Amino acid sequence: MKVLSASDVAKKTSMSVSNIRRLARNKQFPEPFALTENRYGWLETDVDKWISECVRRYRSGNHT
């Protein structure tokens, strides 16, 4: 398993770090988990799954 930093996730999704954090707070994006007291990360598999779901919704005509 690979853990991604906020900047890694931003690059992978083409979104800003602040947007990713906002979506995660609103339960619209995978939530990060604590690696240490001050360091958080996302599992790459969770981010990939989220991207795949976005593509699936887009292809099915549900663009929201």
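Anything mentioned here points back to the structure above.
Note that the coordinates shown come from a computational prediction; the quantities given were computed from them, not determined experimentally.

Novice: Talk me through the packing of aromatic side chains; I want residue IDs and the actual numbers.
Specialist: Counted by the stated rule, this structure contains 1 aromatic pair. Ring geometry for phenylalanine 29 against tryptophan 50: centres 4.6 Å apart, planes inclined by 70°, an arrangement best described as edge-to-face. With phenylalanine 29 in the loop between helix 2 (17–25) and strand 2 (33–34) and tryptophan 50 in helix 3 (residues 44–59), this pair connects stretches of sequence that are 21 residues apart.

Novice: Account for the environment of arginine 56, naming residues and giving values.
Specialist: Among the structural elements, arginine 56 can be located in helix 3. Residues arginine 56 and arginine 39, 17 residues apart in the sequence, show an inter-C-alpha distance of 31 Å.

Novice: Tell me about the pattern of salt bridges, and name the residues and values.
Specialist: Evaluation of the coordinates by the stated rule reveals 5 salt bridges. In this structure, the salt-bridge partner of glutamate 44 is lysine 12, at a minimum N-O distance of 3.2 Å. Of this pair, glutamate 44 sits in helix 3 while lysine 12 sits in helix 1 (residues 6–13), placing them 32 residues apart in sequence. Judged by relative accessible area, glutamate 44 falls into the partly exposed class, the value being 22%. Under the relative-accessibility criterion, lysine 12 is labelled partly exposed at 33%. Between lysine 27 and glutamate 31 there is a salt bridge, and its shortest N-O distance comes to 2.6 Å. Among the residues examined, glutamate 31 registers a relative accessible area of 47% and is labelled partly exposed. Salt bridges sharing partners connect three or more residues here, namely Lys12, Glu44 and Asp48.

About the cut-offs
- Once a new chain begins, its residue numbering starts again from 1 and follows that chain's sequence as written.
- The predicted origin of the model limits local features to residues at a pLDDT of at least 70 and limits the giving and counting of side-chain atom pairs to 80 or more, whereas totals for whole chains, interfaces and linings rest on all residues.
- Only hydrogens and water are removed before side-chain values are computed, so all heavy atoms of the structure are retained for them.
- Think of it this way: a Phe, Tyr or Trp ring, Trp meaning its six-membered ring, pairs with another when their centres are within 6.5 Å, and the plane angle makes it stacked under 30 degrees, edge-to-face over 60, tilted otherwise.
- Runs of H or I in DSSP of at least four residues are treated as helices and runs of E of at least two as strands, each being numbered from the N terminus.
- Each reported salt bridge corresponds to a side-chain nitrogen of Lys or Arg within 4 Å of a carboxyl oxygen of Asp or Glu.
- Only protein chains enter the accessibility calculation, which uses a 1.4 Å probe; a residue is then buried when its area is under 20% of its type maximum, exposed when over 50%, and partly exposed in between.

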